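Residues per chain, in single letters:
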Amino acid sequence: MILFYVLINKEVTITRTINAPRELVYKAFTDPQMMMQWWGPHGFTNQECEMDVRVNGKWKINMHSPELGFPNHWCEGIFHELNFPEKLVFSSRAFLKDDGSSGLEGMNTVTLIELNGKTKLTIHATLTKLDKGLEMAAEGMEEGWSQSLEKLNAVFSKTAIQS
């Protein structure tokens, strides 16, 4: 079997102000129920999420967007660093295959700085593996993260309105 993949080291850094204290923003990355509310770009919903929140613990989430051709798209990764409430480092794998391999892999570092009840969130995402044919996923990485962070901020805006 010959595998084809693209050698890539694409990086994006995105900074946003999130309308919530950093402890709560940190929790949004480590609580399955919270993560299901915001993970993934617009057009995706999440119905399953599991997390073993510890260093070397695994996480996985099932993203759904039948309209976009993803009725059952699992993503997974490993927590590499957990420094509550300031920093998380986790790997991610997507486009999972029956043999357990993935078409896309990356490393993500999230830093959180308290800003008078809000949080300055910076995510630095590095794409480390990309199979041939998935180049559009790399091209859309910044937009995908931006939309996910918009959804994250909206979760807290709804909470603020309801309380």
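Here, every reference points to the structure presented above.
Structure report, in brief.

Rules behind the numbers
- By convention here, each chain's residues receive numbers from 1 onward along its written sequence.
- Under the rules for a predicted model, residues below a pLDDT of 70 receive no local features and side-chain atom pairs below 80 are neither given nor counted, while totals for whole chains, interfaces and linings still include all residues.
- The basis for every side-chain value is the complete set of non-hydrogen atoms in the structure, without hydrogens or water.
- Working definition of a nonpolar core: buried Ala, Val, Leu, Ile, Met, Phe, Trp, Tyr and Cys residues. They are joined through side-chain atoms within 4.5 Å.
- Only protein chains enter the accessibility calculation, which uses a 1.4 Å probe; a residue is then buried when its area is under 20% of its type maximum, exposed when over 50%, and partly exposed in between.
- Runs of H or I in DSSP of at least four residues are treated as helices and runs of E of at least two as strands, each being numbered from the N terminus.
- Contact criterion: two residues are considered in contact whenever any of their non-hydrogen atoms come within 4.5 Å of each other.
- We define a polar contact as two N or O atoms separated by no more than 3.5 Å, with the added condition that, inside protein, one atom must be a possible hydrogen donor and the other a possible acceptor, whereas residues neighbouring each other in sequence contribute only through side-chain atom pairs.
- Two rings belonging to Phe, Tyr or Trp (six-membered ring only in the last case) form a pair when the distance between their centres is within 6.5 Å. Interplanar angles under 30 degrees mark stacking, angles over 60 mark edge-to-face geometry, and anything in between is tilted.

### A few points about the nonpolar core
Across soluble globular proteins, nonpolar side chains have a tendency to be buried as a group. Residues Leu 121 and Leu 152 are the most contacted members of the largest nonpolar core, which totals 40 residues. Here this core gets six residues from one element, more than from any other, and that element is helix 4 (residues 141–162). Setting aside residues up to four positions removed in sequence, Leu 121 forms contacts with Ile 14, Thr 15, Arg 16, Ile 18, Val 25, Phe 29, Val 110, Thr 111, Leu 112, Leu 149 and Leu 152.

### A look at the side chain of Ser 92
Tracing the backbone through its elements, the reader meets Ser 92 in strand 6 (residues 87–96). We classify Ser 92 as buried; its relative accessible area is 15%. For Ser 92, the side chain forms a polar contact with the side chain of Asn 108, separated by 3.1 Å. Not counting residues up to four positions away in its chain, the partners in contact with Ser 92 are Trp 59, Glu 76, Gly 77, Leu 104, Glu 105, Gly 106 and Asn 108.

### Description of the packing of aromatic side chains
Under the defined criterion, the tally for this structure stands at eight aromatic pairs. Residues Trp 39 and Trp 59 carry aromatic rings whose centres are separated by 5.3 Å and whose planes lie at 65° to one another, so their mutual orientation is edge-to-face. With a gap of 20 residues between them, Trp 39 in the loop between helix 2 (32–38) and strand 3 (45–51) and Trp 59 in strand 4 (residues 58–65) connect regions that are remote in the sequence. Each of the two residues, Trp 39 as well as Trp 59, counts as buried.

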